[in-house]
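# Examining the three-dimensional arrangement
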Amino acid sequence: MLKEIYTAAMGMLPQQTRLELTANNIANANTTGFKRIGVFEQSLIEARENLLNNKGEAEQADPPLDQYTDFSTGSFQKTDNPLDLSLDTKGFFVLSDEDGNETFTRSGHFQINERGVVVNDSGKALQSDKGDIVVDPGQQTAGLANDKTAMSISINANGEVYANNQYLGAVQVVSVDNPQTLQRTNGMEFQAGDTTDYRYLSPTEVNVKQGFLEGSNVNIINEMVTMIQLQRSFEMGQKVITTNDGTLEKSIDIGRVS
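Residues numbered from 1 in each chain as written. Predicted model: local features only at pLDDT ≥ 70, side-chain atom pairs only at ≥ 80, totals over all residues. Heavy atoms only, no water.

The next thing to look at is the layout of surface pockets. Empty space within the second largest pocket amounts to approximately 230 Å³. Around the second largest pocket sit 13 residues that line it, and Phe71, Lys90, Gly91, Phe92 and Pro179 are the ones nearest its centre. (1 Å grid on protein atoms, 1.4 Å probe; cavity = no way out; pocket = protein on both sides within 12 Å on 5 of 7 lines; lining within 4 Å. Points joined across faces, edges and corners; volume = space filled by probe spheres on them.)

Okay, structure coming up:
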């Protein structure tokens, strides 16, 4: 009976991981630029060792599941905000924090901070071939839709940024040959790993769409179906454990009486 309980528990652990990641995908279904997280069986544990409750190297060192990022393109949403950008090509926008650390993202929702720098929601600066994209505060006069969005900014398909017809630079875009080596820093941003192979694209190699945002690539219907299936599988494992635990308890009681 202990073997049955152990086997059921081992089967429930991967299901729990899948449930958590699926729930995270559903929670970010409306997050701009979010890339879905998937899971796969990292290694197959030998059935005999599993049933005999012998801990093998695979169980000790490696989790039964590993995760990956689905980098497929999400749907484009028109916003008409001049600082909302999307890439109609493969690649990532380049962001830089105050320490000069670069991250990559497909989330193109930007704004102008109090220093005139074009930044994302977390305050990281959008990079161009000239570094930070800075709008002269003197140009931010009557052309403001609100305190953070300049209506005078125009960005063409090559990513060239103009403020009141003054050239500010070309939006920097990187192409990553092995995106699975990128390290996720949050739902929308990624950092290059030691083996990441990437290069900066020239303006003629990109296709930037101004006034559009790339939505999440999560298919909410598929995720909900997966969630229901996982919940049912998890509940079956719970029933197996509960049934065997009850049987084991009765056996112990009988042994005490006899």
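After that view of the structure, there is still more to cover.
The next point concerns empty space enclosed by the protein. For the structure shown, the criterion picks out 1 cavity of 30 Å³ or more. By volume, the largest cavity amounts to about 30 Å³. In terms of residue class, the lining of the largest cavity is made up of 8 nonpolar, no polar and no charged. (Nonpolar A, V, L, I, M, F, W, Y, C, P; charged D, E, K, R; others polar.)

Another aspect to go through is the pattern of salt bridges. In total, this model carries 6 salt bridges according to the counting rule given. Where aspartate 80 meets lysine 78, a salt bridge forms, and the shortest distance between an N and an O atom there is 3.9 Å. The residue lysine 124 makes a salt bridge to glutamate 189 at a minimum N-O spacing of 2.7 Å. Here the residue lysine 124 occupies a position in the loop between strand 8 (118-119) and strand 9 (125-128), and glutamate 189 occupies one in strand 16 (residues 189-191), the gap between them amounting to 65 residues. Since its relative accessible area comes to 18%, lysine 124 is described here as buried. Shared partners join several salt bridges into a network, and the residues in it are Lys35, Arg106 and Glu214. (Salt bridge = Lys/Arg side-chain N within 4 Å of Asp/Glu carboxyl O. Helix = DSSP H or I, 4+ residues; strand = E, 2+ residues; numbered from the N terminus. Buried < 20%, exposed > 50% of the residue type's maximum accessible area, 1.4 Å probe, protein only.)

Pairing within the open sheet is antiparallel, and its 3 strands lie in the order 11-12-13. Sheet topology places strand 11 (153-155) and strand 13 (166-170) at the edges, where each strand pairs with a single neighbour. Strand-to-strand twist of the sheet, defined as the mean angle between neighbouring strand axes without regard to direction, takes the value 25°. Summarising the sheet, strand 11 and strand 12 (residues 160-163) pair through 3 bridges and their orientation is antiparallel. When the sheet's bridge partners are listed, isoleucine 155 is paired in strand 12 with valine 161. (Pairing = 2+ DSSP bridges. Axes fitted to C-alpha atoms, helices over the stretch in contact; angles between N-to-C directions.)

A separate point is the environment of valine 161. Within the secondary structure layout, valine 161 lies in strand 12. Since its relative accessible area comes to 3%, valine 161 is described here as buried. For the pair formed by valine 161 and isoleucine 133, sequence separation is 28 residues and the distance between their alpha carbons is 8.3 Å. When near neighbours in sequence (up to four residues on either side) are disregarded, valine 161 contacts Ile133, Ile153, Ser154, Ile155, Gln166, Tyr167, Leu168, Gly169 and Val171. (Contact = heavy atoms within 4.5 Å.)

Below, the discussion takes up the packing of aromatic side chains. Evaluated as defined, the whole model comprises 8 aromatic pairs. Both rings, one in phenylalanine 71 and one in phenylalanine 92, keep their centres 5.9 Å apart while their planes meet at 90°; by these two values the pair is edge-to-face. Taken as a pair, phenylalanine 71 in the loop between strand 2 (65-69) and strand 3 (76-78) and phenylalanine 92 in strand 5 (residues 92-96) lie far apart in primary sequence, 21 residues in all. Exposure class is identical for phenylalanine 71 and phenylalanine 92. Each is buried. An aromatic cluster of at least three residues, connected via ring pairs, comprises Phe71, Phe92, Phe104, Phe190, Tyr198 and Tyr200. Between lysine 209 and the ring centre of phenylalanine 76, over which it is positioned, the NZ or CZ distance is 4.6 Å. (Phe/Tyr/Trp six-rings, centres within 6.5 Å; stacked < 30°, edge-to-face > 60°. Lys NZ or Arg CZ within 6 Å of the ring centre and 35° of its normal.)

Let us now look at the environment of threonine 185. As for its placement among the helices and strands, threonine 185 is situated in the loop between strand 15 (183-184) and strand 16. Assessed through its relative accessible area of 40%, threonine 185 is described here as partly exposed. For threonine 185 and phenylalanine 104, which are 81 residues apart along the polypeptide, the C-alpha to C-alpha distance reads 9.6 Å. Residues contacting threonine 185, with those up to four places away along its chain left out, are Thr103, Phe190 and Gln191.

So, about a nonpolar patch on the surface. Together, Ile220, Ile221, Met224 and Val225 give the surface a local cluster of nonpolar side chains, amounting to about 350 Å² of exposed area. Counting through the fold element by element, isoleucine 220 comes out in helix 4 (residues 220-257). Assessed through its relative accessible area of 36%, isoleucine 220 is described here as partly exposed. (Patch = residues over 30% accessible without salt bridge, like charges linked within 9 Å, V, L, I, M, F, W, Y side chains within 5 Å. Areas by Shrake-Rupley, 256 points an atom, 1.4 Å probe, with all protein chains shown as cover.)

Counted residue by residue, strand 5 has 5 buried out of 5 residues, so it is predominantly covered. Note: strand 5 against strand 14 (residues 173-176), 2 bridges, orientation antiparallel. The residue of strand 14 that forms the bridge with phenylalanine 93 is valine 173. Where strand 5 and strand 6 (residues 102-105) come together, 4 bridges link them in antiparallel fashion. Within strand 6, the residue paired with phenylalanine 93 across the bridge is threonine 105.

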